[in-house]
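# Examining the three-dimensional arrangement
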Amino acid sequence: MQGTANLNLMIKTARKAGRALVKDFREVENLQVSSKGPGDFVTRADREAEQIIKEDLQAARPSYGWLGEETGEEAGADPTRRWIVDPLDGTTNFLHGMPHWAVSIALEHKGEIIAGVIFDAAKDEMFFAEKGFGAFMNETRLRVSGRRNMIESVFACGVPFAGKSTLPATLKDFAKLMPVCAGVRRWGAASLDLAYVAAGRYEGYWEREINPWDIAAGLVIVKEAGGFVGPVREGRDIFESKSVIATNGEMFDPLAKIIRSV
Ligand code: LIP
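Residues numbered from 1 in each chain as written. Predicted model: local features only at pLDDT ≥ 70, side-chain atom pairs only at ≥ 80, totals over all residues. Heavy atoms only, no water.

Positive phi, normally seen in glycine, also occurs at Lys110, with a value near 50 degrees. Structurally, Lys110 is set in the loop between β4 (102-109) and β5 (112-120). For Lys110, a relative accessible area of 65% gives the class exposed. Phi is positive for Asp124, close to 55 degrees, though the residue is something other than glycine. With respect to the element layout, Asp124 can be found in the loop between β5 and β6 (125-130). Of the residues examined, Asp124 reaches a relative accessible area of 44% and is grouped as partly exposed. (Helix = DSSP H or I, 4+ residues; strand = E, 2+ residues; numbered from the N terminus. Buried < 20%, exposed > 50% of the residue type's maximum accessible area, 1.4 Å probe, protein only.)

We now examine the packing of aromatic side chains. Taken as a whole, this structure holds 10 aromatic pairs when the rule is applied. Aromatic side chains Phe128 and Phe136 sit 5.5 Å apart centroid to centroid with 15 degrees between the ring planes, which places their arrangement in the stacked category. Across the pair, Phe136 and Phe128 agree in class, each one buried. Ring plane angle 80 degrees and centroid distance 4.8 Å describe the contact between Phe228 and Phe252, whose orientation is recorded as edge-to-face. Taken as a pair, Phe228 in strand β12 (residues 228-230) and Phe252 in helix α8 (residues 252-259) lie far apart in primary sequence, 24 residues in all. Accessibility expressed as a relative area gives 5% for Phe252, which makes it buried. Members of the aromatic cluster, connected to one another through ring pairs, are Phe127, Trp187, Tyr196 and Tyr202. (Phe/Tyr/Trp six-rings, centres within 6.5 Å; stacked < 30°, edge-to-face > 60°.)

On to the site of the ligand. In the neighbourhood of the ligand, 15 residues make up the surrounding shell, with Asp89, Thr91, Arg186, Ala190 and Glu207 lying closest. Here an oxygen atom of the ligand sits 3.3 Å away from a polar atom, N or O, in the side chain of Glu69. Ala190 places a main-chain nitrogen or oxygen 2.7 Å from an oxygen atom of the ligand. Among the elements that take part in the shell around the ligand, strand β3 (residues 81-89) stands out by supplying three residues, more than any other. A breakdown of the residues in the shell around the ligand according to their chemical character gives five nonpolar, four polar and six charged. Mapped onto the domain boundaries, the shell around the ligand takes at least three residues apiece from domain 1 (5-141) and domain 2 (150-260). (Near = heavy atom within 4 Å. Polar contact = N/O pair within 3.5 Å; in protein donor to acceptor, adjacent residues only side chain to side chain. Nonpolar A, V, L, I, M, F, W, Y, C, P; charged D, E, K, R; others polar. Domains from an automatic or database assignment.)

The next thing to look at is the sheet that holds strand β2 (residues 72-74). The pairing of strands in a sheet comes from backbone hydrogen bonds and takes either a parallel or an antiparallel form. Strand order in the open sheet formed by eight strands is β2-β1-β3-β4-β5-β6-β7-β8, with mixed pairing between adjacent strands. Single-partner strands in this sheet number two, and they are β2 and β8 (140-141). The pairing of strand β7 (residues 135-137) with β8 spans two bridges and is antiparallel. By the bridge assignment for β8, Met137 is matched with Thr140. Its contacts with the sheet place helix α6 (residues 212-224) against β1 (65-68), β3, β4, β5, β6 and β7, and it is angled at close to 100 degrees to β5. (Pairing = 2+ DSSP bridges. Contact = heavy atoms within 4.5 Å. Axes fitted to C-alpha atoms, helices over the stretch in contact; angles between N-to-C directions.)

Below is the structure:
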């Protein structure tokens, strides 16, 4: 798929940051045995990856705004366009030497996500989409799952860290959902959870408290793969409510009915 100049820029930058993170990841695996652990090393890797991405994108599109997990928000001369970036989504997995993390880059235009790239460098899977041009993983066109029955469906979710206010509700979600579906997964990287919905690897994903940079790219990839996204609280905005439900479309209402009943 020959995307626009912006999409090609996003893919090139995601791959560059991903290559740097793969080198760091090999070092993290070696640091697991150290008593201090690789915490500081991972923080540095995270920040360096965001610097790589920020320098490349702002050199190519100096007028665009910026929202990055590590460096925060900067207005651009063009108030209608903004990069939304998580340089290392799945930080805890990365920290523990688990190969399930991604570089996530989204382009927002007038409040709508119009392009997204999610690069799983450890598995060399580049997920990407542009509004109106479909969703892809490497050279493969993505379509969401065709499953229409809850009992055949597998879902993923994000479980809040201990102490977060949404933990009790999330545990109630599990209690209601697990007896009526084929299984629930907690992989630890929201961007890849959304990419997997788009790829039909499972039928849905939800998270009650999640940041825009974790999910921005995945939202357009799910929609371009034929899926449907919405907030946990009906009528709210996904970013404003910091919550998301994403499914293959067919399973949105059954999943939302359970999650919204808690
Ligand atoms: C993570 C998300 C995950 C969520 C974690 C964390 P990070 O992002 O991808 O879904 O449950 O709490 O927010 O912090 O690794 O970029």
